[in-house]
Amino acid sequence: MVEGSMTQGAGQGPAMRTETLRDFRVPVTEPVPYGVPGALPEEAPVYGEYPAYYGEGAPVPPQPSVPPQPSAPPQPPMGDPAADGPAPVDGDEFDEGYTPTHRDLPIIGRGGPGDTVQVQYVPQEAPAAGPGPLYVVGDVHGYLDELVHELQAQGLIDADRRWSAGNARLWFLGDFTDRGPDGIGVIDLVMRLSAEAAAAGGYCKALMGNHELLLIGAKRFGDTPVASGAGTATFQAAWLLNGGQRTDMERLEDVHLQWMQRLDAAVLEDGHLLLHSDTTAYLDYGDSVEDVNDTIHELLNRNDADITWDLFRKFTKRFAFRDEETGPQAVRELLDTYGGGRVVHGHSPIPYLLGEVGTEDGDETRGPEAVNGPHVYAEGLAIAMDGGVTMAGKLLVVQLPLND
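Residues numbered from 1 in each chain as written. Predicted model: local features only at pLDDT ≥ 70, side-chain atom pairs only at ≥ 80, totals over all residues. Heavy atoms only, no water.

**Student:** Looking at this structure, I do not really get the packing of aromatic side chains. What am I missing?
**Tutor:** Given two aromatic rings, one states the distance between the centres and the angle between the planes to describe the pair. Inspection of every chain in the model, using the stated rule, returns nine aromatic pairs. An angle of 50° between the planes, with centres 6.2 Å apart, marks the rings of Phe235 and Phe312 as tilted. Of this pair, Phe235 sits in helix α4 (residues 235–241) while Phe312 sits in helix α8 (residues 305–314), placing them 77 residues apart in sequence. Ring-pair connections join several aromatic residues into one group, and the members of that group are Phe221, Phe235, Trp309 and Phe312. In this arrangement the basic side chain of Arg322 is found over the ring face of Phe319, its NZ or CZ atom lying 4.0 Å from the centre. (Phe/Tyr/Trp six-rings, centres within 6.5 Å; stacked < 30°, edge-to-face > 60°. Helix = DSSP H or I, 4+ residues; strand = E, 2+ residues; numbered from the N terminus. Lys NZ or Arg CZ within 6 Å of the ring centre and 35° of its normal.)

Structure below.
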């Protein structure tokens, strides 16, 4: 149950930045356990050619809310990103469902989370009759300040971060944590806004992303080995390699885990099929939106590491709609099965869908900063909502329907 008063960003120290060469790498050898909270191993395990703990050549600063941690080893020089091979053209051209991009999403240097804010909920005026306008939010990845700014710009929250949109409807498309400085602060805000919006006659809801599955697995199963097409893997190692923040794990509570585990994977809203991932893997879990959500909830309730890993693996797939020939058909397959006229998704950053980041010749004249809105593609059947906030891009909050 979400309390009416909640502290945002309490106890948050400097974020531990993680930078990976490829998206969702899987360790090829069994990793050294990493206790959370607890000391880092004296020597970081190496997965493939790259160390598990990435920095900027300097020790990780101690977190003020927990005992000091041993320093991570210096970062070796990064190699040529292009040497790791080109990005896949289709959504299924990778080993066991993993989708390496041409270059992983870099983490930009931003300030820490905002000051601690005590928010007292104040009931609003009676809502207007009927449903309000529909908004969607792309991947947040711990960037709380950017999220607050965009929600305020759309009039959804006020200067005190309280719900101010009456009977408006707001859907988050998943991926609240990892890579950015305050994932738990993001979750706390969304949970509180859900209660405030409901009291005002609207709603604020969220879908489950692959990073929610990753964080659930890291907390539940830690360094328990799981079956992987790339060899022995663990949730803990995958979480660290893909932007896991130690401060998020230390502040993660049962209420956060329960909330994430109960999130739906898909929803049909005003003719829009809302999903996190641009993949057809949802078809593996049912022939209706209700069946998909029920099946995924039942699988997570089994509390089985291998089952949870398989869910994470499948919803890490991407780019199923990008190919000009096969992409529209993939979207139609989802729409024919679940209904709706368009798919709206996050997960794959728009700069990668456009092929405008990480070119081999180094030409990045249209980088993430050029993204100023959603990307409509696949013959107008798909809308991408991940503006690449982890790449100095834009965190997107958009009202639907969207005109081309």
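**Student:** Help me out: how do you make sense of the pairing of strand β9 (residues 272–275) in this one?
**Tutor:** Every other side chain in a regular strand lies on the same face of the sheet, so the side chains alternate between the two faces. Of the two faces of β9, the one carrying His272 and Leu274 and the one carrying Leu273 and Leu275 are both buried. Counting the residues that bridge the hairpin from strand β8 (residues 266–269) to β9 gives two residues, and of these Asp270 lies at a positive phi of roughly 50°. (Buried < 20%, exposed > 50% of the residue type's maximum accessible area, 1.4 Å probe, protein only. Pairing = 2+ DSSP bridges.)

**Student:** Can you walk me through unusual backbone geometry in this structure?
**Tutor:** When glycine is set aside, most residues are seen to have a negative phi, and most peptide bonds are trans. Here the bond from Leu400 into Pro401 is cis, since omega is 5°, no more than 30 degrees from zero. Here Pro401 lies in the segment after β13 (397–400). In this structure, Asp175 takes a positive phi of about 65° despite not being glycine. If you trace the backbone, Asp175 turns up in the loop between β6 (169–172) and α2 (183–199).

**Student:** Mind showing me how you'd approach the sheet that holds β8 here?
**Tutor:** Strand pairing in a sheet relies on backbone hydrogen bonds, with the paired strands running either antiparallel or parallel. The strand order β8-β9-β10-β12-β11 describes an open sheet built from five strands, whose pairing is mixed. The open sheet has two free edges, formed respectively by β8 and β11 (375–377), since each of these has just one partner strand. Sheet twist, expressed as the mean angle between neighbouring strand axes with direction ignored, is 25°. Pairing analysis gives four bridges linking β8 to β9, with the strands arranged antiparallel. Bridge pairing links Glu269 to His272 in β9. (Axes fitted to C-alpha atoms, helices over the stretch in contact; angles between N-to-C directions.)

**Student:** Would you mind going over helix α7 (residues 289–301) with me for this structure?
**Tutor:** Given 3.6 residues per helical turn, the α-helix brings residues three or four places apart onto the same face. Its 13 residues place the ends of α7 19 Å apart at the C-alpha level, agreeing with the 18 Å of an ideal helix rising 1.5 Å per residue. Along α7, the positions that sit buried rather than exposed are Val289, Val292, Asn293, Ile296, His297, Leu299 and Leu300. Taken around the axis of α7, the buried residues stretch over an arc of 160°, which confines them to a single face. Along α7, exposed side chains directed more than 90 degrees from the buried face belong to Glu290, Asp294 and Asn301. Lining the buried residues of α7 we find α3 (210–221), α6 (254–261), β8, β9, α8 and α9 (327–338). (Expected span 1.5 Å × (residues − 1). Arc of directions from axis to C-beta. Contact = heavy atoms within 4.5 Å.)

**Student:** Explanation requested: a negative patch on the surface in the structure shown.
**Tutor:** Negative charge collects at one region of the surface, where Asp287, Glu290, Asp291 and Asp294 lie side by side. Position of Asp291 relative to the elements: it lies in helix α7. Residue classification places Asp291 among the partly exposed positions, given a relative accessible area of 39%. (Patch = residues over 30% accessible without salt bridge, like charges linked within 9 Å, V, L, I, M, F, W, Y side chains within 5 Å. Areas by Shrake-Rupley, 256 points an atom, 1.4 Å probe, with all protein chains shown as cover. Salt bridge = Lys/Arg side-chain N within 4 Å of Asp/Glu carboxyl O. Lys, Arg positive; Asp, Glu negative; His and termini not counted. Charge placed at Lys NZ, Arg CZ, Asp CG, Glu CD.)

**Student:** How should I be thinking about the side chain of Arg251 in this particular structure?
**Tutor:** Position of Arg251 relative to the elements: it lies in helix α5 (residues 246–251). Among the polar contacts made by the side chain of Arg251, one reaches the side chain of Asp182 at a distance of 2.8 Å. (Polar contact = N/O pair within 3.5 Å; in protein donor to acceptor, adjacent residues only side chain to side chain.)

**Student:** Just to check I follow, could you spell out the sheet that holds β6 for this structure?
**Tutor:** With respect to topology, four strands assemble into an open sheet ordered β7-β6-β5-β13, the strand pairing being mixed. Each having just a single partner strand, β7 (203–206) and β13 make up the two edges of the open sheet. For this sheet, the mean inter-axis angle between neighbouring strands, taken without regard to orientation, is 20°. With four bridges connecting them, β6 and β7 associate as parallel partners. Bridge pairing in β7 links Phe172 to Ala206. Helix-sheet contacts for helix α1 (residues 144–153) involve β5 (134–137), β6 and β13, and the interaxial angle to β6 is about 155°.

**Student:** Help me understand the pattern of salt bridges, please; the structure alone is not making it clear to me.
**Tutor:** If the charged atoms of two oppositely charged side chains come close together, the side chains can form a pair. A full pass over the atoms with the stated rule returns 13 salt bridges. Of the charged contacts, one joins Lys394 and Glu150 as a salt bridge, the two residues approaching to 3.3 Å between their closest N and O atoms. Highlighted residues: Lys394 in the loop between β12 (382–384) and β13 and Glu150 in helix α1, separated in sequence by 244 residues. Of the charged contacts, one joins Asp310 and Lys314 as a salt bridge, the two residues approaching to 3.7 Å between their closest N and O atoms. You can see Asp310 and its partner Lys314 sitting in helix α8, four residues apart, about one turn around the helix. Taking the relative accessible area as the measure of exposure, Asp310 reaches 26% and is therefore partly exposed.

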